[in-house]
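If you want the building blocks of each chain, they are given just below.
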Amino acid sequence: MRSSVLVLAVVWVAGCSPWAAPEPDLSAIYGRAARHASPLRNPVVVIPGLTGSRLEDRVTGRPVWGTIGGDWASGDDPEGMRLSALPMAEGVPFAELRDEVEAVGVLDRVEIKFLGLPLEFKAYHHILEALGVGGYRDIDGALDVLDYGEGHFTCFQFPYDWRRSNVETARRFEEFLAETRLQVQAEIEARYGIADAEVKFDLVAHSMGAVMARYFLRYGGAPLPEDGSLPPLTWAGAEWVERAVMVAPPNAGAVGALEQLLNGRKFAPLIPRYRAAVLGTYPSGYELLPRSRFGSVRVDGEAVADLFDVELWQREGWGLADPREADVLEAILPQVPEPEVRRRIALDHLRRSLDSARAFTEALDRPARPPAGVELLLIAGDAEATARTVEVTRPSELKTVAYGPGDGKVLRSSALMDEREAGPWSPRLISPIHWEDTLFLFESHLRITKDAAFTDNLLYWLLEEPRPGDPMRLPRDDSRH
């Protein structure tokens with residue numbers, strides 16, 4: 001479902017403490033720009049991160065992710081495991097492994113029913129409140145700080161099945177933008193009499209959504225070659241985008257992704273743990289593994305040289321190769337009665353997931369500057385102690401042995417894609433990503449979008465900052481990139 005708002009905004013409730021920090025009057029600053037209607041305004045597309053879209057069984061309407069309780073697909077019963085996992089079949093390309101689960105909207109909050117009482121887990125509520133996406137505007141009446149005018153049509157949300165590879169999602173995103181561009185062009189023609197208007201988009205992408213957006217910008221919807229080589233660097237997606245704001249992106253991966261693939265994940269106290277073999281069916285999870293060259297993972301005191309080596313996973317009994325996950329394989333492969341065949345299918349899926357993730361990360365790590373007219377902007381946290389290096393002990397226990405600045409989940413160096421982490425050190429940033437601008441906030445991964453500085457700077461970038469080609473825009477100093 002797509003709905004319309006004018007800009008991305010959030011309101012904060014002022015505290016009663018005399019020491020409360022002053023906050024900007026967004027209406028006074030951006031109200032006039034927010035009400036200004038123009039056929040030249042770029043539509044904004046918001047891309048959520050991992051678990052940031054509601055999933056539902058399209059046949060039965062049964063919730064798979066986003067509603068906890070009632071008839072939801074629980075992660076701790078066989079049928080819930082089967083629905084939550086992606087299908088597996090030996091030798092079948094990931095894009096052909098389809099099920100009946102689909103994304104039905106960007107997730108503002110997880111609804112939980114406990115002992116018959118409705119509760120809420122607002123992990124993504126605050127993000128969507130801050131961004132004011134489509135139909136989620138005016139959540140709890142909290143987004144009335146700006147007068148948006150009437151008939152606004154240039155803000156959209158992109159829900160997607162976050163279990164699937166980011167490469168697949170990039171292809172779907174290209175289709176989404178093509179559909180959305182036609183919708184915007186029709187509105188522009190109806191309102192302003194301009195036929196076939198040139199339309200480019202601004203993106204606001206969070207966490208894994210930003211990683212997908214980077215792949216899309218570089219390669220459009222192109223798949224990864226089957227032979228393991230890298231796709232041609234065409235910048236096909238840049239034809240659709242003018243400005244991309246990337247919020248807390250794990251560009252160099254995160255050790256938390258490895259922990260989830262090895263031990264599963266418990267999203268909240270009242271939510272059952274999702275088992276490792278269920279999460280191990282998601283190609284997207286392997287695409288968030290930390291880069292081996294940064295020495296982030298150790299086994300027996302030695303840095304892992306290649307985290308995408310399937311023999312390592314089999315030898316250590318990690319994830320889908322863990323014999324303790326046999327009952328999960330039985331649940332998610334009910335059509336396969338033989339345990340040895342189920343294990344063979346799982347190991348094949350593991351190998352192909354790791355191979356695909358290796359190619360995906362190499363495709364993103366190629367140093368490349370976007371073409372003229374495309375800007376990448378970063379918002380990241382750098383004040384929370386964040387796991388930098390972990391030691392993996394048997395059986396699949398992780399101990400953090402070194403921390404670094406970040407947002408509690410994503411290191412500052414990962415968001416920047418700082419190659420100095422692999423050496424040699426330089427006083428200037430060394431990154432394969434050309435950042436047009438950066439903003440560092442003293443917040444955690446899911447609280448960054450609640451920060452007043454986040455919204456103030458985001459609205460400035462979207463509404464007021466001169467664009468490439470604007471006559472009054474001065475060239476930037478690129479010496480620091």
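All of these numbers come straight from a predicted model, not from anything done at the bench.

Some remarks on the nonpolar core
- Ranked by internal contacts, the top residues of the largest apolar core, which has 106 residues, are Ile47, Phe173, Leu289 and Trp313.
- At 11 residues, the largest contribution of residues to this core is made by helix α11 (residues 339-365).
- When near neighbours in sequence (up to four residues on either side) are disregarded, Leu289 contacts Ala252, Gly253, Ala254, Ala257, Leu258, Leu261, Leu307, Phe308, Trp313 and Leu354.
- If you look at the next biggest cluster of nonpolar residues, it comprises 16 residues, including Val44, Val46, Leu439 and Phe454.

Things to note about the pairing of strand β10 (residues 241-247)
- Counting buried positions over the seven residues of β10 gives seven, a clear majority of the element.
- Alignment of strand β9 (residues 201-206) against β10, held across six bridges, turns out to be parallel. Note on β10: the bridge partner recorded for Ala205 is Met246.
- Each parallel crossover has a hand, and the one from β9 via helix α5 (residues 208-219) to β10 is right-handed.
- Here β10 pairs with strand β13 (residues 375-381) via five bridges, running parallel. When the sheet's bridge partners are listed, Ala244 is paired in β13 with Leu376.

Re the pattern of salt bridges
- In total, this model carries 30 salt bridges according to the counting rule given.
- The closest approach of N and O atoms between Arg191 and Glu187, which form a salt bridge, is 3.0 Å. Pair noted here: Arg191 and Glu187 are both in helix α4 (residues 166-192), with a separation of four residues, about one helical turn.
- Close ionic contact of Asp348 with Arg352 constitutes a salt bridge, the shortest N to O distance being 3.0 Å.

Looking at helix α1 (residues 26-35)
- Regarding α1, the residues found buried are Leu26, Tyr30, Gly31, Ala33 and Ala34.
- Packing partners of the buried residues in α1 comprise α13 (452-464).

Considerations on the pairing of strand β15 (residues 397-406)
- Sheet analysis places strand β14 (residues 384-393) next to β15, joined by nine bridges and oriented antiparallel. When the bridges of β15 are listed, Thr386 appears paired with Gly404.
- Taking the residues between adjacent antiparallel strands as the criterion, β14 and β15 are bridged by three residues, where Ser396 takes a positive phi near 60 degrees.

Overview of the sheet that holds β13
- The parallel open sheet is built from six strands, whose spatial order is β8-β1-β9-β10-β13-β16. Each edge of the sheet is formed by a strand with only one pairing partner; in this case those strands are β8 (155-157) and β16 (437-441). Taken pair by pair, the neighbouring strands of this sheet meet at an average axis angle of 15 degrees, ignoring direction.
- Two elements, β13 and β16, share five bridges in a ladder whose sense is parallel. Its bridge partner being in β16, Ile379 is matched across the sheet by Leu439.
- Sheet strands touched by α4: β1 (44-47), β8 and β9. Its angle to β8, the strand with the most contacts, is close to 150 degrees.
- Where α13 meets the sheet, its contacts fall on β1, β9, β10, β13 and β16, and the angle it forms with β16 comes to roughly 165 degrees.

Observations regarding the packing of α5 against α11
- The N-to-C vectors of α5 and α11 enclose an angle of 70 degrees; their axes lie 10 Å apart at closest approach. In terms of orientation, α5 lies roughly perpendicular with respect to α11. Crossing of α5 over α11 shows left-handed handedness. The segment α5 lies against α11, with Val211, Arg214, Tyr215, Arg218 and Tyr219 engaging Phe360, Ala363, Leu364 and Asp365.

Cut-offs and rules
Residues numbered from 1 in each chain as written. Predicted model: local features only at pLDDT ≥ 70, side-chain atom pairs only at ≥ 80, totals over all residues. Heavy atoms only, no water. Core = buried A, V, L, I, M, F, W, Y, C linked by side-chain atoms within 4.5 Å. Buried < 20%, exposed > 50% of the residue type's maximum accessible area, 1.4 Å probe, protein only. Helix = DSSP H or I, 4+ residues; strand = E, 2+ residues; numbered from the N terminus. Contact = heavy atoms within 4.5 Å. Pairing = 2+ DSSP bridges. Right-handed = clockwise from strand over helix to strand, strands pointing away. Salt bridge = Lys/Arg side-chain N within 4 Å of Asp/Glu carboxyl O. Axes fitted to C-alpha atoms, helices over the stretch in contact; angles between N-to-C directions. Parallel < 35°, antiparallel > 145°, perpendicular 65-115°, else oblique. Left-handed = near helix turned anticlockwise from the far one by under 90°.

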